[in-house]
Amino acid sequence: MTGDQSTVRRIPSTRRHPTFLKPVLFLGAPGRMIQSGDMASSDDDDEIPDLVPVESTRVPVTIITGFLGAGKTTLLNYILTEQHGKRIAVILNEFGEGSAVEKSLSVGQEGELYEEWLELRNGCLCCSVKDNGVKAIENLMTKRGKFDYILLETTGLADPGPIASIFWLDEELGSDLFLDGIITVVDCKYGLQHIQEQKTDGVLNEALRQVALADVIIINKTDLVSEEELNHLVLHVKSINSFARLIKTQQSRTDLSLILDLNAYDGQSKNSIEDTFKISKTEDGKPRQHLDQSVTTVTFELTGNITSESLDSFLQEVLWEKVYSVSGQLMEILRMKGLISVTDSDRRVIAQAVHQLFDRQTTSVWESEPNRINRLVFIGKNLDSEILESIFRKYLDDSS
């Protein structure tokens, strides 16, 4: 590794293993539970039974992003006021001026965290912050039991990648929380204009990154454009990120089951990687036409197995090293997801990456040997599928 690559690391796999209760309760005779205080008063010399392993219940976190005025705060206010039967903690980053909810909060000085959490009539909790929300989440975790889900709004100019990485790198947060998905809200009226904005320094603009990193894209304000304009925007968004689910809305109103419990980062997604791979192509099986020349989705599939060590080496090379396309342009991978066939394992491995961070999880059993096909999806700038495929091919296990 070179430069600042030493700061990049994967989630230790042990973080996904069950934890154990502190020695408060022990198992006694069948049908009876003995508290630890009872043990001291017992005259029995019975052997103390083992502690009972309990699967820890982690709270899912969904990041809501979108360019200024797209409608993300409208979406969150809708969630905060609807009777949906869910207990959701919402961290609003930017309240609208004069918001009735804002007036009910205990506002801090000089832009620091609003410490007061407001419990709303529909069972949700609400807080406003003017930072990346981590302090608010840490404060929120002291209220465990009052909520089942966290929605975190970003500023309109934020790249969701570094915010998402917080839940991968922070060991303490990771033991209580997990990243469920990234939702990007796109404004039908001005979304294309924001996405196509060119920065003088050549870097990708924020709206483009928000679309590229999304697991779900909400195309909002459909009533403000013609059907032709809407179809053009949808086609353009799909050419950038064919990986994400698209939802068309007015005033950001949508079925919450479409944007919550995505499990986009733990290998338990409702949509299989096979489905993800299919939607990145047209009905005739050909890759989708890329309207945006800077950010695209590319896919490839290969038979064969790869060792765990070689898989790590492949991910490190394409994410950490400088890799160039055939035309000599430097590739920048924003998001990657792959279904991998690992040597000497009968289970699928899901590999994922956001920017330079990557992780992998072992998931379901392969049904049969012919089904063991490696399928990889990349979203990024100046991507060259042939180069990426050739790099992966060189790491395949020749002995398998």
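Preceding this paragraph is the structure being described.
Residues numbered from 1 in each chain as written. Predicted model: local features only at pLDDT ≥ 70, side-chain atom pairs only at ≥ 80, totals over all residues. Heavy atoms only, no water.

Q: Explanation requested: the sheet that holds strand E16 (residues 357-365) in the structure shown.
A: What links the strands of a sheet is backbone hydrogen bonding, and the strands pair in either a parallel or an antiparallel sense. Taken in spatial order, the five strands line up as E13-E17-E14-E15-E16 in an open sheet, and their pairing is antiparallel. Each of the sheet's edge strands pairs with one partner strand only, and the pair in question is strand E13 (295-303) and E16. Each strand of the sheet is rotated relative to its neighbour by a mean of 10°, with strand direction disregarded. Pairing geometry for E13 and strand E17 (residues 373-381), over nine bridges, is antiparallel. Bridge assignment links Val298 to a residue of E17, and that residue is Phe378. Packed onto the sheet, helix H9 (residues 227-240) meets E13 and E17 and runs at close to 50° relative to E13. Lying on the sheet, helix H11 (residues 308-320) is in contact with strand E14 (332-341), strand E15 (347-354), E16 and E17; it crosses E16 at an angle near 145°. (Pairing = 2+ DSSP bridges. Helix = DSSP H or I, 4+ residues; strand = E, 2+ residues; numbered from the N terminus. Axes fitted to C-alpha atoms, helices over the stretch in contact; angles between N-to-C directions. Contact = heavy atoms within 4.5 Å.)

Q: Just checking my understanding: could you explain the pattern of salt bridges for this structure?
A: A side chain of one charge can pair with a side chain of the opposite charge when the charged atoms of the two come close. Under the definition given, this model contains 10 salt bridges. Between Arg87 and Asp148 there is a salt bridge, with the nearest N and O atoms lying 2.8 Å from each other. Of this pair, Arg87 sits in the loop between helix H2 (72-81) and strand E6 (88-92) while Asp148 sits in the loop between helix H4 (134-140) and strand E9 (149-153), and the two are 61 residues apart along the sequence. The partly exposed category is assigned to Arg87, whose relative accessible area is 33%. Residue classification places Asp148 among the partly exposed positions, given a relative accessible area of 43%. Of the charged contacts in the structure, one is a salt bridge between Glu389 and Arg393, with a shortest N-O distance of 2.7 Å. Here Glu389 pairs with Arg393, and both are found in helix H12 (residues 385-394), just four residues apart, close to one helical turn. Judged by its relative accessible area of 45%, Arg393 falls in the partly exposed class. (Salt bridge = Lys/Arg side-chain N within 4 Å of Asp/Glu carboxyl O. Buried < 20%, exposed > 50% of the residue type's maximum accessible area, 1.4 Å probe, protein only.)

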